[in-house]
Each structure stands twice: as C-alpha cells, then as structure tokens.
Amino acid sequence: MAIPDEEKPLIRVKSEPLDEIPIPAAAVPPRPRAPRVPGWVRLVLKLVLLVGVWAVVSRNVKKNVDAMVEMQGPHWIASAFSDSPLGRHPRRRKVLFGKKAEQKFLTVPNAESAIAASRQYATKPHMAGTPGDFETAKDFLKLLQKELGVSTPSALPLYSAGTPESRNATLGITELKAPTAWIDTYYPVMNTPLDHSLEILGEDGTPVWTAALEEVADDTDPEAGKYYDAVTTWHGLSKGGSAKGKLVYANYGRKEDYDELVAKGVNLNGTIVITRYGGIFRGLKVKGAQEHGAVACLIYSDLRDDGTVTTENGYAPYPHGPARNPNSVQRGSTQFLSIYPGDPTTPGYPSYENSTRTDGTNIPSIPSLPLSWANAQVLLKEIQEGGQNRTISLVNNVDDKVIPIWNTMGVIPGHIKDEVVVVGNHRDAWVMGASDPSSGTASIHEVVRGLGELLRNGWTPLRTIVIASWDAEEYGLIGSTEWGEDFADWIDDHVVAYINLDSSVSGSRFRPLATPSLAHFVRSIAEEIEHPTEPGKTLWDATKDKGVLTGDHIDAESLAAYEASEVEAAADSTGVGLLGSGSDFTVFVQRAGVASNNIGFSSTLQDPVYHYHSVFDSERWMEMYGDPGFGRHVAIAKHLGLQVVRLADSIILPINTTHHAYELEHYLNKVESIASTTSLDVDFSGLRSAIHSLQKASVKLDHEKKKAEKKFKKLLRRLAWRHTVRRNLRRAACRLRELLGKECAHPHHGRDEAAPHVEKAFECSSMTNGKSGLLPFQPRIGRAPAWAREHRARHETETEDGVGMMEEGISGSLKRHSFPVKKFKKAAKRVRAVNQKLKAFERGFIHEDGIKDREWYRNLDVAPGKWLGYGATTFPALTEAFTIEKNATMAQYEAKRLQELIEKLAHEIKV
C-alpha cells in the first residue's frame, strides 16, 4: 500500500551504525562583551541630556512668556497702575508696546512726507495773529484729527482762553478716554508795523540819503520774490516813535561792549547806537542802549559773522550761491526776554480777552530798526575815520493792540492719566520761516504721523501725551507762556516732561539741549539714530559735524565768539548743552520746574549762510542749501518720536537725578572760581554740604528705581508664565479629548475677526436632517437672545486662551490661581512713588520769590543770563550777585537760599 504524501519523510536519512563517533562541530567563540560604562559617565550623560531638554523647554517657555508679555503686558500694566479695581476686560488683539512700538514708529517718518509738510507751511507768510497764521492753526488741527482718529465736529473746536470750554479742554485731559484736539485763543498785546524810515541828514536838516529798508528779491526764489514786502522789516514789540542823533558803534551790544565804551569816556546820551547781531538776544542790545541814554538803536547783519562763506572767499550771494544776500534783514522781537517772556501786559497770569493789563516792563522805551548789510555799510562809513558823522533820523511807527493768537492742542490719553508728557513746536514765522519754525513743524508733522500709525495698530501709551503747536513764539514765547501761566497748577500736578522743537534744521551740526536730568536720555537716543548723511555714523556723531564751505578769510573776533559759544553749549559732561531761554521750553523749565529738552541742527561757520528771520528763510533755500533731501528733518523726527514713546511708555521715568545732582557741584565750583577773582568773602560750605546730601539721596533713589522696576517686571513675567502654562494645559487637554473622540471647542476660531452680528434663523437638530418637515423659523423677541448672550459669556469665561476669546483681568483669572494680586498692585504703587520723586526733582529748584529784578524766573538752578537772553547761567541769582551786583551780603543770601532749596529737595526724594 502506498504511503500517503503527508506521511512521507521530507528528508531521507541514511542509516548509520549507532556506535560511530560523530564528526565534531566547529566551536563558536563567545561574542566579546562591550566594556562596562562607568556609572559616573552614565550619570553625566543623563545630566547633559536633561540639561539639553531643559534648555529647549526653557527657551520655548521663555519665548511663549515673551509673546504673552508682548500681547497682554500693556493691559496688565494698565490694570496695575489704574485706580479702578482689577477685573475682567474684553480681549483685544495683539498690541504694540515697548521696542515693537518704537520699531514701528521709526518706519513712518520719511523725506517725501516731510518735504510736502514743509511746502505746506513754508511757502506763504504766517506771522502771529494774521489770517495766514490762523490757517496754519487749522491745518495742524486737521492733521491731529486725521492721524489721532479724532472725529471732526460740526463746528470748529475754537475756544476763547478763560472760558469754560477752554478751561475744561485742558483740565479734563486726565479724564479723557479717546484722543481729542482743539484750538485755544489767547489775547496778548502785540504790535504791527505802520511806517518806518531811516535817513542821513545834511547840515540844513534835509535828507541826503534814505535807506531802502525792505528786502530786495526776485523770482529766482519764487516765494521770496512774491512775498518780499509782505511783512516789513521791523522789530516786534519795539517802541513806536522817532529819534534823531549821532551814531555810536557798540559792537555786539553786550554788557561788556557798553562797559568798554563807558570806560573810554564815550557819552551815549542822545545818541543812536548801532550794533551788529550776535552774542546776545537782540532785545538786550536795545536795553543796553536805552539804559545808557541812547534815543534809538539800529541792529544789522554783519558779513564778518558769516564765517568762511563770504564773497571774499569766492562764494556768490543767495539766491545765486550760499553766501549772505546783502539785502537780507533779520526781523525779531526786542522784548527784554531775560526779565520775563509772554504778553508784556500780563506778567505771571494769562492773557484772556478781558484780562487786566499792565504797562509792561519787559519792552523797550526807545525805538529800534533792523538793517541789512547793504544799509549798514553806508552808516558805518559815516563814523569811520574820515567819515562825516552826520545826524541820523529814524522813524518806527507801530500799532500796539490786542491781537488774538491760536495754540492748536491735541491729546492721546494714556493708561496712567495723571502723568502727562508734553511735546511742542511753535508754528508762527516772521515771514515764511522754512527753517524757523517750519523745519520743526515738518518734523513734528512726521512725529504725529508716526503716533497715528501706532494708534491704528492698537497702541495706547502708558502715559498721556499732549501735542502743542504754539503761536506767537517769535514775539516773545507768548503762546506757550500764556498756556503755562493759565494752567500752572495742572502742569505742576501732572506734567512729567516737556520736549521742545523749534527749528529742526538751519545747518549741519546737531545741538541738543536739556535739563541735566534728561541729558543721558537725549544722548542715548541720538546714539541709536542713524546719521542723516553719513552711513555708519549716528546722529550723536553729528554733534561734531560742520559745513564743507571753507575759505582762507575769516574774522578773528567772530571766530573767537563762536568757539566760546560752542564750549559753553557743551558745558555738561555728557556733551548736551543747558537750557536758558529763547524758545517755548522756557515756561516749563524756568517757571514750572519740568524736566525738558530741545533738539535741532544749527549752522556752523562753514555752512551756507542761514538768513535768520528773513524772507530768504525760504523753501527754495532749505531744499537747495539747508537740508537737501531732508535727511536731517527725518532724523530729528525720529529722535523726537522715540523720546515721546519712551517717556510715555517707560515704567520708570528716564530722569537721571544723580547726574543732575553731581552737575550742581560743578556749578558751585564755577561760582567759587568767579568769587576768587573778587574781593567778596562768601562762605559756600553749607551749600556744598547740601549738594553732597542731595547726591547721596539721589544715589539711594537710583537703587530704589532699579529694585522697583525689577520687582514689577518680575511679577509681570510671573503673570505671563501662569497664563502661558494655563494655555498649554488647556491645549493639551483639548487634544486629549479629541483623541478620546470627544468634541473640544476651539475658542480662537473666529474670535479675532470683528465680524458683524448677523441674525440667523433658529435651528434645532431635527431641522437640519431634512426629515422633520419643519421649516427654520425666527424666534420671537424674548428669552432667546438673552439666553444666547448668557451662553456666549459663560463659554468665554470657561475657555480663556492667550490667543483667543477673552483675556481675564488680574483679579478673576488669577485669584483662582493664587497670583499675588496685592503684590502686583503694591509693586505698581512703588513704581508710582519713585516716579513722583523723579517728577519732583526739577520742581525742587523752583523758589516762589524768583530771581532779583526778574521774579518771573523762579529756577535758582539755571536761567537765561540777565545780559544773555538765550544763553544759560547756572546758579543765576548767586552768580549774578558776584558778576553784576558785586555784593557780598547778597551773595551770602543767595547761597543760603540755594542751600535751603537743595536740603529740602534731598529730603523730598529720600527713600
């Protein structure tokens, strides 16, 4: 029988005897074992791995925390600093803050826009109080309304100073919740020219020469040719009248120039003094002539003060070249600026329409006229050796009257509403003012555009920002001074800093000025901004720049005066000059004690000649010679804008009290040096001791600043970390639910879009399957909408996500997670206390009694020199007790006054 296949052996095995010895198999050597890794090596490897993982996780967590701080930080900071209870607030989209806001701002200012703004303001006359000036006030209002998102009211928001509308506009700033803008009208006494003349009289009293007093221009410069006689050549606030007398030359008309004439036995009684521009404020030249008995004063532009840019060195006069047009005339105010600024008839109080008026003690009692070089040459020949020295006849008829002026104001409310940063630029010009002030107006135009861009991207500043376009600065800082006097208490309570911009550009050298407490701040920003014309350099490097128009011939006296002014301007160890007067920072620094600064490019002796206050300060000159390409305009706009954003957004104000405190010792050393040249015996030991006490108190305040900010930021990051962890946990939980087949709401879906609410037909599940036969229907108005709102609110509360739905405020979201709300609030209060001390520092130099003979000036730390006007004098009352009064008793009294102020300040900032 055949064997089935499944039972057949697969392999046929040959039978072999059982006792046969098998062939031995080859031995397989054992596999060698790897050497055992020591335990300590394994431990190290594990630690390295652990550290690596931790580093990756930490970096990821830090990145997420940074993103959370960036997105939610502004809201949390606002909640911490607000006086209202911490609570829920609706979710907002990611907003700009800090460095992100700064970077965004810097993308906005550009040359094309700045040129357009310059052409808007600088191609027509707009002297203060004229219809052209009012038009520019409305132009700036429109800019604020557009960029800040202010709705345009049906009626022009034009408020008369002193009325409830005007008062409430400023006093209500700290209550605002949205940007706003308006125009304030003040009513100072100013004057306008009527007629004038200047003649040389013959022996019989008839004119033998009559000056052509108006500037001469043609269509080479279109605007200058059109408007050469739109504003006659005259001095604002000059005395009306006529005078006759012999000429006496008084050089720059400084105190030392008049003293020298007296020492030489020159009798000025009944004479007409002729001086050249430069050295000091023009009004003080007239004051000096007046006090020495002169009957009139003439002031001319001297080619010797133009440095190397002269026809003698081969440069053609403007409009055909960069040298001075010999027919150009410098207009300007002859107010006695170092006595007090503002409306001469309302010293210390605002000029309302119905204000009580005084006669004014800061204006001349003798007439004056400005002259061109072309006219001055004729007069100077009269008194040179061999000249005929004939009688001069002068007429200067003016119309003194109340003239309305217009300050245009804008406000961006911040989270901290009672801390305010003010930025201002004057708008009025003597004629067109392409440099003064329209270069500044063009730059601040770019700043407003930049701030508007930030607002449109969700930015809200930490502090409130006020933007001011001042009027009538040229007459004597009137617009800013009247506002400062009008709201003195409000400024004292709320303004933490003032940033001023006059002319952005008149030359190549960057010249920053500041109260010493802001010097480092101003310099540090300049070191971040790119140089406007030289790649690889910074704006700060431009403090050493000078023009390229060189020449072999230069006046030695003019050069010495210029170099001395440069040394004085950079007296501060930071290289930032001091603020005296001459622009709208004056009321803030000298009257209110507010940390302030002023920036801009000014002319050097090698730059194209800047025709100050002339019809030739025109758009053509600016685009051809002043700032071709407008790079300097843009650089100033960027610097100014960064100042505004940082002052507004810094948790701790960037005010350096310690630098200022140490500068005081330098000021005292300077006074001691002056005293050593006199026979006056004054003891300064008490004052020096007080300065040392202030220095120690300020150093301690520095430590408190750092600790307060560090603590606050630490708690802020802790808050962000908790929100980040909660978000990640919720996302993980959501993914887990999805893995288990359960639904998980995605709260971020659709929440970022501001979709309009659309009423939708109500549907239940049976309506959507197509089998019920029921039609969709609209619910009756009643419970359903309310139920939907409750459902949405509950859904939002339960599904908070850092990216979507609703942010919860600190209380509510974090009370359940043990976040130390009270500590966060306490840290914010600590920061606020520090900032109040920083704000108070400059106030500490204000003395209610002011400075002798000019009591409007109350700052005993720095003020315009009594015989300087523009330039700053440190420890002014004490210094002038030696230099002017030469009185030991007075000097000791002033040293004691300073000592008491500084001791009080040291106590006030003590921590």
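Shown above is the structure to which this text applies.
Below is a summary of the structure that appears in this document. Note that the coordinates shown come from a computational prediction; the quantities given were computed from them, not determined experimentally.

**So, the overall build of the chain**
Thought 1: On a plain count of helices and strands, the chain comes out with 25 helices and 21 strands.
Thought 2: A sequence separation of at least 24 residues applies to 80% of the contacts in the chain between residues at least 6 apart.
Thought 3: Summing over all exposed atoms, the chain offers an accessible surface of approximately 41000 Å²; the carbon and sulfur share of this is 55%.

**Regarding the side chain of N313**
Thought 1: Within the secondary structure layout, N313 lies in the loop between β9 (296–300) and β10 (332–333).
Thought 2: Looking at N313, the relative accessible area reads 16%, which means it is buried.
Thought 3: From its side chain, N313 meets the backbone oxygen of H553 in a polar contact 2.8 Å long.
Thought 4: For N313, the contacting residues outside a window of four places in its chain are T308, G551, D552 and H553.

**Thoughts on a positive patch on the surface**
Thought 1: Together, K710, K711, K714, R718, K823 and K826 line one region of the surface with positive charge.
Thought 2: When contributions to the positive patch are tallied by element, the ones reaching two or more residues are α20 (685–739) and α23 (821–843).
Thought 3: It is α20 that contributes the most residues to the positive patch, four residues altogether.
Thought 4: One can find R718 in helix α20.
Thought 5: For R718, a relative accessible area of 34% corresponds to the partly exposed category.

**A word on empty space enclosed by the protein**
Thought 1: The tally for this structure, following the rule as stated, stands at four cavities of 30 Å³ or more.
Thought 2: If you add up the space inside the largest cavity, you get close to 80 Å³.
Thought 3: If you go around the largest cavity, the residues you meet are I851, K852, D853, K866, A877, E880, A881, E885, M890 and E894.
Thought 4: Put simply, the parts of the chain that give the lining of the largest cavity at least two residues each are α24 (876–883) and α25 (888–908).
Thought 5: Looking at which element gives the most residues to the lining of the largest cavity, the answer is α24, with three residues.
Thought 6: Its residues assigned to classes, the lining of the largest cavity comprises four nonpolar, no polar and six charged.

**Re helix α9 (residues 373–383)**
Thought 1: Residues of α9 that are buried: W373, N375, A376, L379, L380 and E382. Down the axis, α9 shows its buried residues gathered within 160° of arc, on one side only.

**A word on α24**
Thought 1: With respect to burial, α24 is a largely interior element, seven of its eight residues being buried.
Thought 2: Among all positions of α24, only P876, A877, L878, T879, E880, A881 and F882 are buried.
Thought 3: The inward-facing, buried residues of α24 abut α19 (657–675), α20, β20 (862–864), β21 (872–874) and α25.

**Regarding the pattern of salt bridges**
Thought 1: Enumeration over the complete set of coordinates arrives at 44 salt bridges.
Thought 2: Salt-bridge contacts for R427 lead to D133; the nearest nitrogen and oxygen are separated by 3.3 Å. With R427 in the loop between β14 (416–426) and α10 (438–456) and D133 in helix α4 (residues 131–148), this pair connects stretches of sequence that are 294 residues apart.
Thought 3: Look at D133 and you get buried, because its relative accessible area is 0%.
Thought 4: For the salt bridge of E894 with R897, the shortest nitrogen-to-oxygen distance reads 2.9 Å. One end of the pair, E894, and the other, R897, are both in helix α25, three residues apart, so they sit about a helical turn from each other. There is no split in this pair, since E894 and R897 are both buried.
Thought 5: Residues joined in a network through salt bridges with shared partners are K99, E102, E528 and R646.

**Notes on the sheet that holds β9**
Paired through their backbone hydrogen bonds, the strands of a sheet run either parallel or antiparallel.
Thought 1: Reading across from one edge, β7-β8-β9-β11 is the order of the four strands in this open sheet, with parallel pairing throughout. Two strands bound the open sheet, and with one partner strand each, they are β7 (247–249) and β11 (368–371). Adjacent strand axes in the sheet meet at a mean angle of 25°, parallel and antiparallel pairs treated alike.
Thought 2: Two strands pair when backbone bridges link them, and β7 and strand β8 (residues 272–276) are joined in this way by three bridges, in the parallel orientation. Bridge pairing in β8 links L247 to I272.
Thought 3: Helix-sheet contacts for helix α8 (residues 282–291) involve β8, β9 and β11, and the interaxial angle to β9 is about 145°.

**Quick notes on the sheet that holds strand β4 (residues 207–210)**
Thought 1: In space, the four strands of this open sheet follow the order β4-β3-β12-β6, with antiparallel pairing throughout. Edge strands, defined here as strands with exactly one partner in the open sheet, are β4 and β6 (241–245). The sheet shows a mean angle of 25° between the axes of neighbouring strands, taken without regard to direction.
Thought 2: Contacts from α9 reach β3 (189–201), β4 and β12 (392–402) within the one sheet, and its direction differs from that of β3 by about 50°.

**A word on the layout of surface pockets**
Where empty space is left can be seen by rolling a probe of water-molecule size over the atoms.
Thought 1: There is about 820 Å³ of room inside the second largest pocket.
Thought 2: Together, 30 residues line the second largest pocket, and D649, S650, I651, E709 and K713 are the ones closest to its centre.
Thought 3: At the level of elements, α1 (39–81), α2 (99–106), α14 (519–526), α18 (631–649) and α20 are the ones that each hand at least two residues to the lining of the second largest pocket.
Thought 4: Here the lining of the second largest pocket takes seven residues from α20, the largest share from any one element.

**A look at unusual backbone geometry**
Thought 1: In this model, Y318 is joined to P319 through a cis peptide bond whose omega is 15°.
Thought 2: Residue P437 is reached from D436 by a cis peptide bond, and omega for that bond is 10°.
Thought 3: At H613, a position not held by glycine, the phi torsion is positive, near 60°.
Thought 4: As for its position among the elements, H613 is in the loop between β19 (596–602) and α17 (619–626).
Thought 5: Judged by relative accessible area, H613 falls into the buried class, the value being 4%.
Thought 6: Positive phi is not limited to glycine here, since F875 has a value of about 45°.

**A short note on the pairing of β8**
Thought 1: Of all the five residues making up β8, five are buried; the element is thus mostly covered by neighbouring parts of the structure.
Thought 2: Of the two faces of β8, the one holding I272, I274 and R276 and the one holding V273 and T275 are both buried throughout.
Thought 3: Traced from β7 through helix α7 (residues 255–263) to β8, the parallel crossover comes out right-handed.
Thought 4: Here β8 pairs with β9 via five bridges, running parallel. Note that in β9 the partner of I274 across the bridge is L298.

About the cut-offs
- Residues numbered from 1 in each chain as written.
- Predicted model: local features only at pLDDT ≥ 70, side-chain atom pairs only at ≥ 80, totals over all residues.
- Heavy atoms only, no water.
- Helix = DSSP H or I, 4+ residues; strand = E, 2+ residues; numbered from the N terminus.
- Contact = heavy atoms within 4.5 Å.
- Areas by Shrake-Rupley, 256 points an atom, 1.4 Å probe, with all protein chains shown as cover.
- Buried < 20%, exposed > 50% of the residue type's maximum accessible area, 1.4 Å probe, protein only.
- Polar contact = N/O pair within 3.5 Å; in protein donor to acceptor, adjacent residues only side chain to side chain.
- Patch = residues over 30% accessible without salt bridge, like charges linked within 9 Å, V, L, I, M, F, W, Y side chains within 5 Å.
- Salt bridge = Lys/Arg side-chain N within 4 Å of Asp/Glu carboxyl O.
- Lys, Arg positive; Asp, Glu negative; His and termini not counted.
- Charge placed at Lys NZ, Arg CZ, Asp CG, Glu CD.
- 1 Å grid on protein atoms, 1.4 Å probe; cavity = no way out; pocket = protein on both sides within 12 Å on 5 of 7 lines; lining within 4 Å.
- Points joined across faces, edges and corners; volume = space filled by probe spheres on them.
- Nonpolar A, V, L, I, M, F, W, Y, C, P; charged D, E, K, R; others polar.
- Arc of directions from axis to C-beta.
- Pairing = 2+ DSSP bridges.
- Axes fitted to C-alpha atoms, helices over the stretch in contact; angles between N-to-C directions.
- Right-handed = clockwise from strand over helix to strand, strands pointing away.

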